[in-house]
Amino acid sequence: MKTSPWLTKALSILSAPLVSLTLIGCNSDDQTIANDSLIYCSEGSPVSFNPQTVTSGTTIDAVANQVYNRLITFNKQDNSIVPALAKSWHLTRDGKMITFYLRKDVSFHQTDYFTPTRAFNADDVLFSFQRILDEEHPYHPVSGGRYPFFQNVGFTNLVDEVEKINDYTVRFKLNQANSSFLANLATDYAVILSAEYAEQLAHQNQKSDIDTLPVGTGPFKLKSYQAGSVLRYYKHPNYWRNEVAIKQLVFDITASDTGRLTKLLTNECDVIAYPIAAQKIQENPELALEQVTAFNIGYLGFNTQKPPFDNPIIRRAISHAINKEAIISAIYRDQAQVATSILPEGSWAHDDTLVALEYSPSKAKELLKEAGVEDGLSFDIWAMPVQRAYNPNALTMAKLIQADLSQIGVKVDIVSYEWATFLRRLNAGEHQSVLLGWSADHPDPDNFFTPLLSCKSLETGSNRAFWCDQEFDSLIQLALQTTNINQRRALYRQAQNIIQQEIPLLPIAHSKRFQARHKAVKGQLLSSFGGIDFSEVTKL
Amino acid sequence: MLIFTLRRLNLFFFTMFLLTLLSFSLSFLFPGDQLVNLTGALNASDSVRDSLAAIYQQDSNIVVQYFAYLSQIFSGNLGTAMTTKSDIFNEILRLLPATIELSLFAFFLATIVGIPIGFIAAINHKKPIDNAILAVAMVGYSIPVFWLGLLAILTFSIQLGWLPSGGQISLLYEIEPRTGFMFYDILVGSSDYKWDALQNAFAHIILPAAVIAIAPATIFIRLARTAMLTVLETSYIKATRAKGLSFNQIIFRHAVRNSLIKVIQHIGLQFANLVTLAMITEVIFNWPGIGRWLIESIYQRDYTSIQGGLLVLSSFIFVVHIITDYIYALLNPLARGAKYGSR
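Residue numbering note: each chain is counted from 1, following its sequence as written. Here chains are named by letter from A upward and ligands by number from 1 upward, in the order in which they appear as written. Predicted model: local features are reported for residues with pLDDT of at least 70 only, side-chain atom pairs are reported and counted for 80 or more only, and whole-chain, interface and lining totals are derived from all residues. Water and hydrogen atoms were dropped before computing side-chain values, which therefore reflect all heavy atoms in the structure.

(A) Main features of the overall build of chain B. Labels follow the DSSP assignment, with helices taken as runs of H or I lasting at least four residues and strands as runs of E lasting at least two, numbered in each case from the N terminus. Of the regular secondary structure elements, chain B holds 13 helices and zero strands. Along its sequence from the N terminus, chain B presents helices and strands in the succession α-α-α-α-α-α-α-α-α-α-α-α-α. With the principal axes as the frame, chain B shows a C-alpha extent of 85 × 55 × 40 Å. Throughout this description, buried means an accessible area under 20% of the type-specific maximum (1.4 Å probe, protein chains only), exposed means over 50%, and partly exposed covers the range between. For chain B, the proportion of its 343 residues judged to be buried stands at 50%. Long-range pairs, those at least 24 residues apart, make up 70% of the contacts in chain B with a sequence separation of at least 6. Surface exposure of chain B reaches about 16900 Å², of which carbon and sulfur atoms provide 68%. A positive count includes Lys and Arg, and a negative count includes Asp and Glu. His and the chain ends are not counted in either. Where a charge lies is defined by one atom per residue type, namely NZ (Lys), CZ (Arg), CG (Asp) and CD (Glu). Averaging the locations of the 22 positively and 18 negatively charged side chains of chain B gives two centres separated by 24 Å. Residue contacts are counted whenever heavy atoms from the two residues lie within 4.5 Å of one another. The Shrake-Rupley method, run with a 1.4 Å probe, gives the accessible areas here. Residue values count only the displayed protein chains as cover.

Next up, the structure:
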């Protein structure tokens with residue numbers, strides 16, 4: 001068939017830009033932009049830009065080490081406490097007074113919404129901690145007045161006074177010595193905000209902006225944020241610790257794990273959180289899979305204030321009926337340990353004599369009989385919708401548990417919501433049991449007990465078992481008041497035994513945290529505690 | 001033409017009435033408090049609740065409540081999303097352009113590919129090439145779009161690495177959202193990497209648009225084929241042949257034009273169908289449009305967003321229908337007399 005000249009002409013005009021665009025689109029990987037920018041595919045949206053007000057790991061990952069610094073921090077290699085915004089500190093012999101000497105060369109972010117006129121000084125430290133401590137402080141009630149981490153560790157009762165000695169010296173006076181105080185200050189939550197920015201916002205009557213449009217001293221400053229899709233940081237050109245190599249850091253918020261894997265494989269993400277298909281990533285010569293041993297616990301929490309789990313015998317029965325080994329191999333791909341206690345084995349306070357409740361459906365049946373509910377027991381398991389190191393796939397885990405329990409005649413309904421809704425309903429105590437977990441913020445064992453199971457954390461919302469036991473509470477209180485490590489160990493062992501008896505939650509696994517990246521991305525990102533840190537990352 | 005317009009207006013009025021009635025009754029049918037479902041004011045303080053109840057005339061009878069709801073809709077107030085607390089109307093305005101852009105692109109693709117192929121099939125009627133085209137069209141029409149999308153990602157993004165797997169543009173490019181139409185925003189924006197960004201956006205749209213375009217394209221193939229066959233059978237084509245015109249002259253001067261008129265009549269109707277396909281494809285390709293947003297709202301049980309989204313989307317598709325009807329009526333005076341549903 002001969003084609004007429006006008007048709008050929010029209011076709012060539014139409015197709016020319018298409019062809020040229022596609023061809024160029026393929027081979028140019030946008031050399032200029034791609035080289036000094038980095039895209040991190042994260043698993044969820046941060047809920048705030050102030051780590052003081054949250055406990056969510058996603059938020060900590062997105063914000064804590066990028067926007068802010070702390071007075072002191074953990075050494076990434078040996079987890080010892082090292083200087084950060086405070087260049088040194090001094091602790092009196094009775095352990096009740098700690099003096100911090102601050103750095104003088106630290107500047108805050110200059111952003112679209114704030115231009116600092118002075119460098120970091122003692123006023124900023126005072127402001128950051130007074131906001132938490134002083135209920136009369138104008139910024140205390142902003143964003144709901146909840147400081148879950150600090151309320152969990154009893155910060156307000158612990159600190160008597162924060163005092164400015166001079167512009168670069170700050171002193172904390174404590175009511176009693178506390179062995180985990182410095183560790184608490186080094187966590188991702190104890191960030192330093194800008195007092196000058198707060199003043200500006202107070203003038204503009206926009207106080208709540210302090211937690212949504214952040215200003216800090218960290219390696220990156222916020223450029224833009226759209227919940228559920230993208231978070232964009234620019235580098236802080238005057239970062240005090242080192243010259244930041246990346247100009248632009250983008251968080252591509254991708255909730256689906258297959259979506260993240262796809263983006264890694266197609267080079268749309270440089271680094272992804274919580275990868276699946278480890279085998280596939282290891283086979284690819286351009287990709288690297290890394291893991292760190294994280295201090296965490298994945299557990300099945302029982303709502304102890306609601307039937308049926310207000311009855312400890314039923315809690316024990318269910319615990320006997322769950323096959324943890326199967327879960328470790330199916331869900332964690334054997335990259336985790338069976339948990340016997342809520343403390344991981346790496347912790348010095350872990351009780352090595354504890355034995356996990358054995359998997360025994362027959363024993364479970366007996367216990368159910370004892371509780372008088374041998375047939376017809378049914379309950380909800382809430383499975384969290386996001387992936388975490390401590391639980392990479394809660395939904396499948398719930399299904400495994402469902403199958404295990406159907407063997408002893410217990411019917412399980414699986415419930416899941418979108419993450420924000422899930423947390424809201426969980427806080428309201430609507431669940432009967434929940435698959436959740438906890439990542440430690442610092443190496444001190446207290447960080448497992450107090451936030452998860454103390455009566456105090458019942459109010460702040462991280463005690464998902466709604467369990468409050470006076471004896472247990474006094475044990476973990478006593479353990480904080482001494483620095484004698486043997487004494488503390490003994491107390492924590494007793495506490496672990498109480499948990500073993502009462503089973504407010506069933507520890508399932510301690511996992512490793514995984515991450516995958518393109519090999520072009522260099523530098524340490526993960527550490528055993530706390531959030532991801534992009535300050536020292538480079539891209540070839 | 002006046003009667004035609006009046007008829008369409010009448011239809012528009014009744015359809016909108018039914019749509020708003022449906023979305024209003026949804027607030028009763030969804031679980032939970034009706035006022036909360038309507039406004040999205042979750043955990044609102046008592047004073048906020050009282051003022052909302054006053055706006056929606058909660059203490060009057062249901063007809064008054066319905067009209068209160070109508071007046072809110074027409075002032076652009078669809079409530080706030082339960083999960084993000086953002087204004088639903090603004091949210092939809094922000095997302096709709098991305099969907100329209102994708103749909104238009106796919107529509108364009110389907111047209112320029114489908115119609116010529118249909119003509120080729122008709123010209124080669126009952127020859128192997130005709131059968132092959134029909135067979136391929138049948139397969140293309142039968143493949144579910146979500147599966148095709150995944151297959152396309154697997155092949156072109158992961159295996160071959162030619163095209164990106166999702167999103168509207170690489171996040172490295174900062175494009176200031178003015179209208180929401182990505183290509184337009186890039187062109188009017190002030191950035192140093194306009195050309196790069198344009199290429200990148202283009203590479204992102206090809207795969208989802210092609211996936212969406214497949215089903216409508218196969219329909220266009222069949223429409224164009226039938227239309228061309230009918231035209232080729234007519235006596236005026238026979239007359240041209242008798243006059244001794246060449247094959248090219250017959251096809252391009254006479255047959256194509258006349259059969260295009262028949263095709264255009266049906267093309268518009270396919271656009272609504274295509275928007276539906278686009279909504280599903282958006283989820284697979286992570287396209288930041290209204291379909292993905294609506295499906296996420298369903299997943300999050302955000303009843304206020306579901307109501308608002310359904311209302312806006314169905315009115316949008318309806319308006320598109322009317323516009324295409326109009327264009328057709330302008331082109332073809334014979335259609336103006338036809339009553340709705342009589343064709």
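Let us keep going from here.
(B) Inspection of helix H11 (residues 247–284) of chain B at higher detail. Residue and element names in this part refer to chain B. Multiply 1.5 Å by the residue count of a helix minus one, and that product is the helix's expected span. In this model, H11 (38 residues) spans only 45 Å end to end at C-alpha, well below the 56 Å of a helix rising 1.5 Å per residue. Residue Ala255 marks the point of greatest curvature in H11, where the axis turns by about 40°. Once H11 ends, the next one or two residues include Asn286, with phi positive near 55°. A residue's bend is the angle separating two fitted axes: one through the seven residues that end there, the other through the seven that start there.

(C) How the structure looks around the nonpolar core. Counting 88 residues, the largest nonpolar core has Tyr69(B), Ile169(B), Ile186(B) and Met228(B) as the members making the most contacts within it. Each residue touching Met228(B), except ones within four places of it in the same chain, is listed here: Phe119(B), Ala122(B), Ile123(B), Ile251(B), Ala255(B), Val256(B) and Ser259(B). Ile60(A), Val153(A), Trp240(A) and Val271(A) belong to the second largest nonpolar core, which has 81 residues in total. Working definition of a nonpolar core: buried Ala, Val, Leu, Ile, Met, Phe, Trp, Tyr and Cys residues. They are joined through side-chain atoms within 4.5 Å.

(D) Molecular detail of the environment of Thr59(A). In this structure, Thr59(A) sits in helix H3 (residues 57–67). Among the residues examined, Thr59(A) registers a relative accessible area of 1% and is labelled buried.

(E) Highlighting unusual backbone geometry. Of the consecutive residues Pro307(A) and Pro308(A), the connecting peptide bond is found in the cis state with omega at 0°. Tracing the backbone shows Pro308(A) in the loop between strand S13 (296–302) and helix H11 (312–321).

(F) Representation of the sheet that holds strand S7 (residues 169–174) of chain A. Residue and element names in this part refer to chain A. Taken in spatial order, the four strands make up an open sheet running S4-S5-S7-S6, and their pairing is antiparallel. Of all the strands in the sheet, the pair left with one neighbour each is strand S4 (86–91) and strand S6 (159–166). Neighbour-to-neighbour, the strand axes of this sheet turn through a mean angle of 20°, independent of strand direction. Of the pairings in the sheet, the one linking S6 to S7 comprises six bridges and is antiparallel in character. The residue of S7 that forms the bridge with Val162 is Phe172. Following DSSP output, two strands are said to pair if at least two bridges run between them. Interaxial angles span 0 to 180 degrees and are taken between N-to-C directions of axes, which are lines fitted to C-alpha atoms, for helices over the stretch in contact.

(G) Fine view of the confidence of the model for chain A. Known as pLDDT, the predictor's confidence for each residue is given on a scale from 0 to 100. The pLDDT averaged across chain A works out to 85; a share of 94% of its residues lies at or above 70. Here residues 1–30 of chain A is modelled with pLDDT under 50, and outside its nearest four sequence neighbours on either side it reaches 24 contacts, counting other chains as well.

(H) Layout of the side chain of Arg517(A). All names here are of chain A. Mapped onto the elements, Arg517 comes out in strand S18 (residues 505–518). Here Glu290 takes part through its side chain, which lies 2.8 Å from a polar atom of the side chain of Arg517. Here the side chain of Arg517 touches Val521 through a polar contact of 2.9 Å, landing on its backbone oxygen. Those residues in contact with Arg517, other than ones at most four positions away along the chain, are Leu264, Asp270, Val271, Glu286, Leu287, Ala288, Glu290, Lys522, Gly523, Gln524 and Leu525. Whenever a nitrogen or oxygen atom comes within 3.5 Å of another N or O atom, the pair is scored as a polar contact, on the condition that within protein one atom can donate a hydrogen and the other can accept it, and that pairs from neighbouring residues in sequence are kept only if both atoms are in side chains.

(I) Summary view of the packing of aromatic side chains. Only the six-membered ring of Trp is used, alongside the rings of Phe and Tyr, when aromatic pairs are assigned; centres must lie within 6.5 Å, and planes under 30 degrees apart are stacked while those over 60 apart are edge-to-face, with the rest tilted. Under the criterion given, the structure shown has 39 aromatic pairs over all chains. Summarising the aromatic geometry, the rings of Phe251(A) and Phe534(A) are spaced 5.9 Å apart at their centres and angled 75° between planes, so their arrangement reads as edge-to-face. Of this pair, Phe251(A) sits in strand S10 (residues 248–253) while Phe534(A) is found in the loop between strand S19 (521–522) and strand S20 (538–539), placing the two residues 283 residues apart along the sequence. For the ring pair Phe30(B) and Tyr303(B), a centre distance of 4.6 Å and an interplane angle of 25° mean the geometry is stacked. Taken as a pair, Phe30(B) in the loop between helix H1 (2–29) and helix H2 (34–39) and Tyr303(B) in helix H13 (residues 303–331) lie far apart in primary sequence, 273 residues in all. Assessed through its relative accessible area of 17%, Phe30(B) is described here as buried. Any Lys NZ or Arg CZ that is within 6 Å of a ring centre and within 35 degrees of that ring's normal is treated as a charge sitting over the ring. Lying across the ring of Tyr417(A), Arg425(A) places its NZ or CZ 4.5 Å from the centre.

(J) Seen up close, the state of the cysteines. Residues and elements named next belong to chain A. The disulfide criterion used throughout: a pair of cysteine sulfur atoms within 2.5 Å. Under the definition given, this model contains two disulfides over all chains. Here Cys41 pairs with Cys269 through a disulfide, and the sulfurs are 1.7 Å apart. Placement of the pair is Cys41 in strand S1 (residues 37–42) and Cys269 in the loop between helix H9 (257–265) and strand S11 (271–273), with a sequence separation of 228 residues. Note on accessibility: Cys41 and Cys269 belong to one class, buried. The disulfide that involves Cys455 links it to Cys468, with 2.0 Å between the sulfurs. On the sign convention where negative means left-handed, the S-S torsion of about 90° between Cys455 and Cys468 marks this disulfide as right-handed. One end of the pair, Cys455, is in helix H17 (residues 455–460); the other, Cys468, is in the loop between H17 and helix H18 (470–481), and 13 residues separate them in sequence.

(K) Structural view of the packing of helix H12 (residues 290–299) of chain B against H13(B). All names here are of chain B. Relative orientation of the contacting elements H12 and H13 amounts to 150°, with a least axis distance of 9 Å. Here H12 lies roughly antiparallel to H13, going by the angle between them. When the axes of H12 and H13 are compared, the crossing they make is left-handed. Across the interface between the two elements, Ile290, Trp293, Leu294, Ser297 and Ile298 of H12 pack against Ser305, Ile306, Gly309, Leu310 and Leu313 of H13. Residue composition of the contact of H12 with H13, by class: seven nonpolar, three polar and no charged. Roughly parallel here means an angle under 35 degrees, roughly antiparallel means over 145, roughly perpendicular means 65 to 115, and every remaining angle is called oblique. Two helices that cross are described as forming a left-handed crossing if the nearer one is turned anticlockwise from the farther one by less than a right angle, and a right-handed crossing if clockwise. Each residue gets one label: Ala, Val, Leu, Ile, Met, Phe, Trp, Tyr, Cys and Pro are nonpolar, Asp, Glu, Lys and Arg are charged, and the others, such as Gly, are polar.

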